[in-house]
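# Summary of structural features
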Amino acid sequence: MQKIRDFILGFKSFQDQYFCREGSPFSELREGQSPSTLVVACCDSRTDPSLIMQCEPGDIFVVRNIANIVPPYEPDAGYHGVSAALEYAVLSLKVADIIILGHSSCGGIKSLLEDSARGGEFVGKWTSILDPARSQVMESFECTDERAAKALEMAGILTSMGNLLTFPWLAERVADGSLTIHGWYFDMACGQLFSYLPQTRSFEPLAPRCPARDKE
Ligand SMILES: [Zn+2]
């Protein structure tokens, strides 16, 4: 309960120092939103995209799920929460960018690598979207160590980037140049952000390492 009390105090502070202050972005945002970017991030409590990227309210439209996965286009009778969010972001909000934001030490990726979530009702089925990426990674790594996890975390981002293009109305926007897809990786061990570069087929730093981590 202590944490819940802290959250309520936090909201009061947000009201005073943010929502009600002069020039607050909410004076305009009350009328509606027009975020420029959709972010697909993990549920992990350490990887809040608004905090990591220091966004203002209204900047980003966010979908969070286990292991920041975009499923393939499957217009069937199932309930597709991520696909619904994609549809709204791309067709109604008309975002200009989509960021798949992966991260290090991802529990969802670790469970997939170790096969430990297969017994669960939902997690194993969900992360099985990355089974082909897992098979590829396992060809290069003999054990399920940290290096293999990092490789699968990054391969998962690429799988999701590819799955985005299976949505026909999304692929059309990419083809006409009005939408750009980015694959980013937050490494919380060194406090660095990487982006996938198709030219080099590798993840390159977008910002230098955290100086405090360099001293260790
Ligand atoms: Zn994660």
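From a predicted model like this one, the values you see are computed outputs, not experimental measurements. (Residues numbered from 1 in each chain as written. Predicted model: local features only at pLDDT ≥ 70, side-chain atom pairs only at ≥ 80, totals over all residues. Heavy atoms only, no water.)

## Comments concerning the coordination of the zinc ion
- For the zinc ion, the full set of protein donor atoms is C42 (SG), H103 (NE2) and C106 (SG), and the range of their distances to it is 2.0 to 2.3 Å.
- Here the donor residues of the zinc ion are spaced in sequence according to C-x60-H-x2-C. Each of the two residues, H103 as well as C106, counts as buried. (Donors = N, O, S within 2.8 Å, 3.2 Å for Na, K, Ca; no water. Buried < 20%, exposed > 50% of the residue type's maximum accessible area, 1.4 Å probe, protein only.)

## A word on the pairing of strand β3 (residues 97-103)
- Counting buried positions over the seven residues of β3 gives six, a clear majority of the element.
- Alignment of strand β1 (residues 37-42) against β3, held across five bridges, turns out to be parallel. Across the sheet, the residue bridging to A41 is L101, located in β3.
- Here β3 runs beside strand β4 (residues 180-187); their pairing, made up of seven bridges, is parallel. Paired with H103 across the bridge in β4 is F186. (Helix = DSSP H or I, 4+ residues; strand = E, 2+ residues; numbered from the N terminus. Pairing = 2+ DSSP bridges.)

## Description of the UniProt feature "binding site: Zn(2+)" (unreviewed entry) in the chain
- Here, UniProt's "binding site: Zn(2+)" (unreviewed entry) annotation points to C42, D44, H103 and C106. Annotated residues spanning 65 residues; largest pairwise C-alpha distance 9.0 Å, indicating a single compact cluster.
- Examined against the element boundaries, D44 turns out to sit in the loop between β1 and α3 (49-52).
- Ignoring any residue separated from it by four or fewer positions in sequence, one finds D44 in contact with R64, H103 and S105.
- There is a polar contact of 2.7 Å between the side chain of D44 and the side chain of R46.
- By secondary structure assignment, the location of H103 is in strand β3. (UniProt positions renumbered as here; feature names shortened; annotations may be inferred. Contact = heavy atoms within 4.5 Å. Polar contact = N/O pair within 3.5 Å; in protein donor to acceptor, adjacent residues only side chain to side chain.)

## Overview of the nonpolar core
- The biggest cluster of nonpolar side chains holds 27 residues, and the ones touching the most others in it are L38, L86, I98, L164 and L170.
- Within the residue set of this core, elements represented by two or more residues are β1, β2 (60-65), α4 (81-92), β3, α8 (146-164), α9 (168-175), β4 and β5 (192-197).
- The contact partners of L164, leaving out residues within four places of it in the chain, are V70, L86, I98, I100, L170 and I181.
- Counting residues in each nonpolar core, the second largest holds 15 residues, with A67, C106, I109 and V137 among its members. (Core = buried A, V, L, I, M, F, W, Y, C linked by side-chain atoms within 4.5 Å.)

## Here we look at the domain arrangement of the chain
- Examined at the domain level, the chain breaks down into domain 1 (1-30) and domain 2 (33-214).
- For domain 1 versus domain 2, the distance between C-alpha centres works out to 29 Å. (Domains from an automatic or database assignment.)

## As for the packing of helix α5 (residues 107-114) against α8
- Packing of α5 against α8 leaves a shortest axis separation of 10 Å and a crossing angle of 115 degrees. Judged by the inter-axis angle, α5 sits roughly perpendicular to α8. For the element pair α5 and α8, the recorded crossing hand is right-handed. Contact residues: I109, L112 and L113 in α5; A148, A149, L152 and E153 in α8. (Axes fitted to C-alpha atoms, helices over the stretch in contact; angles between N-to-C directions. Parallel < 35°, antiparallel > 145°, perpendicular 65-115°, else oblique. Left-handed = near helix turned anticlockwise from the far one by under 90°.)

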